[in-house]
Amino acid sequence: MSARPNTATAVSVAESADPCCAAPLPVLGRDVTVPLVTGGEVTYAALDYAASAPALQRVWDDVAAYAPYYGSVHRGAGYLSQLSTDLFENSRVTVAEFLDCRPGDQVVFTRSTTDSLNLLARVVPADCEVFVFETEHHASLLPWQDARVTYLNAPRTPEQAVATLERALADRDPYGPALVCVTGASNVTGELWPVKELAAAAHAHGARIVLDAAQLAPHHPVSVQELDVDWVAFSGHKLYAPFGSGVLAGRSDWLQEAEPYLAGGGASRKVARRVDGGVDVEWHTTAARHEAGSPNVIGVYSIASACKALTEAGFDQLVAREQHLIDTVRAGLAEVPEVKVLSLFGDDAPRVGVISFVVEGWNSSHFAAALSAEYGIGVRDGLFCAHPLVRTLLGSEAQDPGECGAPEAAPGERSLNAIRVSFGAGTPDEHVARFVGAVKELVRDGAQWKYRTEDGRCVPDRG
């Protein structure tokens, strides 16, 4: 197939950039080139930040500087072990400062947001009732299987979200413990949720609240004290740090009163054999209680480094620049009648750099595959591990086909999935301009290449 001129790349940075906004933060992979099926190569446009943001160059440099001094923490008398222990515990302090935690709050290091929320689900009191909106990511929606769970319908305004929660809490047993789980920013629509108001409603009814800040913390400052939430969970790999580390920060009482999330070395303070042959265990009452085993020191340090880098860059500038990118994408998509942007709260709702949409006449997997293969643009398609929310936004029934990842529908066939573009502090203006141009070009002219479904993914047909 012959290649047509790629007009999507013709918009220069000078034409698209807002001169009042700061430059993007340096990230790894910013100069990586990828091949196009139509011939040649192009600089890769990473627009899938909501899944995993590229690591900041600053974070990578900090980790590289520490790597020669790597050592096991908490147990070693040697210099490297002592240095690594100090680095690990100082990282805990840095994260607490980044989140503006209260005195007495604990910062527990985990593997991810999912791991953090499963940890919290493990320590809630046995008679706790959990309230969660159907709009949550599965990491927030699913861990509460051992508790009494009330699932709340998707609200259509922030005010309706607060009112829905208040009604549900008013109907519960007021003498038992309760927990509300809510996202700070949707991983599907990017819309900001009224966290402070929801926290006030929860506390007014004697409930606690945990904030899933996986999509909020990389884009906006998160203050535990200002929002008045009881816990915050987030992942390093969305905060411009490498994979494999996460945080649960907040009140210590439930954490200290519960059995350890994992049993083993590090969580135990004292272990002794009994006369009857059994074992007595005294568990730590610090964050170490839920950090058994050798921790991911490099992952923890990378989170702390990212927290420092974002704080030093200044969230005011980061938010302003991201809003410029959001406005650019939304304005460009609004010029394409075939594009429908998904939203719960409406066009005027504040949001982070996460936008999902469908294109009339296109299977979303086919569209995303064409963006990658023909333009070097990486986005995501599917239900984004938020199946009930996407089904609600698309007006589908529960039995309609669709799953995390691409469905089996062939290119051009309608299916239950959407396209998500997401960006942040490291996104150049050119990447956003190329994306907008590519969407317009694909809708106007169609794909240049033929595609087929292979193992559930839409891929270029190279046969």
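See the structure printed just above.
S.K.: Outline the overall build of the protein, supporting the account with residue identities and numerical values.
M.R.: A tally of regular secondary structure across the protein gives 14 helices and 19 strands. Relative to the compact-globule value of 23 Å for 463 residues, the protein shows a C-alpha radius of gyration of 23 Å, a close match. Counting all 463 residues of the protein, 56% fall into the buried class. Nonlocal contacts in the protein, meaning residues at least 24 apart in sequence, comprise 72% of its contacts between residues at least 6 apart. Approximately 19600 Å² of the protein is accessible, and the part contributed by carbon and sulfur atoms is 51%. Here the protein holds 37 positive side-chain charges and 58 negative ones, and the gap between their average locations is 4 Å.

S.K.: Account for the sheet that holds strand S16 (residues 380-382), with residues named and values stated.
M.R.: Ordered by their spatial adjacency, 4 strands build an open sheet running S13-S14-S17-S16, and the pairing between neighbours is antiparallel. Strand pairing shows two members of the sheet lacking a second neighbour, strand S13 (339-341) and S16, which therefore form its edges. The sheet shows a mean angle of 30 degrees between the axes of neighbouring strands, direction not considered. Across 3 bridges, S13 lies against strand S14 (residues 354-359) in antiparallel orientation. By the bridge assignment for S14, Lys340 is matched with Val358. The strands that helix H11 (residues 315-334) touches are S13, S14 and strand S17 (418-422); relative to S14, the one it contacts most, it runs at about 10 degrees.

S.K.: With reference to specific residues and values, describe empty space enclosed by the protein.
M.R.: If you walk through the whole model with that rule in mind, you get 4 cavities of 30 Å³ or more. Surrounding the largest cavity, His74, Arg75, Phe88, Gly266, Ala288, Glu291, Gly293 and Pro295 form its lining. A breakdown of the residues in the lining of the largest cavity according to their chemical character gives 3 nonpolar, 3 polar and 2 charged.

S.K.: Which residues make up the pattern of salt bridges, and what are the values?
M.R.: This structure, assessed with the given rule, holds 23 salt bridges. Close ionic contact of Glu129 with Arg148 constitutes a salt bridge, the shortest N to O distance being 3.8 Å. Residue Glu129 is located in strand S5 (residues 129-133), and its partner Arg148 is located in strand S6 (residues 148-152); the two are separated by 19 residues in the primary sequence. Here Glu129 falls in the buried class, since its relative accessible area comes to 13%. Salt-bridge contacts for Asp280 lead to Arg274; the nearest nitrogen and oxygen are separated by 3.0 Å.

S.K.: Before we move on, could you go through the pairing of S5 and cite the residues and values that matter?
M.R.: Each regular strand displays side chains that alternate between the two surfaces of the sheet. In terms of burial, S5 is largely enclosed, as 5 of its 5 residues are buried. Going residue by residue along S5, you find Glu129, Phe131 and Phe133 tucked away on one face and Val130 and Val132 tucked away on the opposite face as well. The pairing of S5 with S6 spans 5 bridges and is classified as parallel. Along S6, the bridge assignment pairs Val132 with Tyr151. Two elements, S5 and strand S7 (residues 178-183), share 4 bridges in a ladder whose sense is parallel. Within S7, the residue paired with Val132 across the bridge is Cys181.

S.K.: Could you give an account of the environment of Thr113, naming the residues involved and the relevant values?
M.R.: Relative to the helices and strands, Thr113 resides in helix H4 (residues 113-123). Given a relative accessible area of 5%, Thr113 falls into the buried group. When the C-alpha atoms of Thr113 and Ser245 are compared, they prove to be 8.6 Å apart, with 132 residues separating the residues in sequence. Non-local contacts of Thr113, meaning those with residues more than four positions away in its chain, are made with Asp212, Ala214, Ala233, Phe234 and Ser235.

S.K.: Give a description of the layout of surface pockets that names residues and reports values.
M.R.: Approximately 690 Å³ is the volume attributed to the largest pocket. What lines the largest pocket is a set of 41 residues, among which Ala51, Arg380, Phe384, Cys385 and Arg420 lie closest to the centre. Of all the elements in the fold, those that place two or more residues in the lining of the largest pocket are H4, helix H12 (364-375), strand S15 (377-378), S16 and strand S19 (457-460). The calculated volume of the second largest pocket comes to roughly 300 Å³.

S.K.: So what's going on with the sheet that holds strand S9 (residues 231-235)? Which residues, and what values?
M.R.: Spatially, S4-S10-S9-S8-S7-S5-S6 is the arrangement adopted by the 7 strands of the open sheet, whose pairing is mixed. Only two strands of the sheet have a single partner each, and these edge strands are strand S4 (106-110) and S6. Strand-to-strand twist of the sheet, defined as the mean angle between neighbouring strand axes without regard to direction, takes the value 20 degrees. Pairing of strand S8 (residues 208-212) with S9 involves 3 bridges; the strand directions are parallel. By the bridge assignment for S9, Leu211 is matched with Val232. In this fold H4 packs onto S4, S7, S8, S9 and strand S10 (246-250), with an angle of close to 150 degrees to the strand it touches most, S9. Most of the contacts of helix H6 (residues 158-170) go to S5, to which it runs at about 160 degrees, and overall it touches S5, S6 and S7.

Parameters at a glance
Residues numbered from 1 in each chain as written. Predicted model: local features only at pLDDT ≥ 70, side-chain atom pairs only at ≥ 80, totals over all residues. Heavy atoms only, no water. Helix = DSSP H or I, 4+ residues; strand = E, 2+ residues; numbered from the N terminus. Rg over C-alpha atoms; globule rule 2.2 N^0.38 Å. Buried < 20%, exposed > 50% of the residue type's maximum accessible area, 1.4 Å probe, protein only. Contact = heavy atoms within 4.5 Å. Areas by Shrake-Rupley, 256 points an atom, 1.4 Å probe, with all protein chains shown as cover. Lys, Arg positive; Asp, Glu negative; His and termini not counted. Charge placed at Lys NZ, Arg CZ, Asp CG, Glu CD. Pairing = 2+ DSSP bridges. Axes fitted to C-alpha atoms, helices over the stretch in contact; angles between N-to-C directions. 1 Å grid on protein atoms, 1.4 Å probe; cavity = no way out; pocket = protein on both sides within 12 Å on 5 of 7 lines; lining within 4 Å. Points joined across faces, edges and corners; volume = space filled by probe spheres on them. Nonpolar A, V, L, I, M, F, W, Y, C, P; charged D, E, K, R; others polar. Salt bridge = Lys/Arg side-chain N within 4 Å of Asp/Glu carboxyl O.

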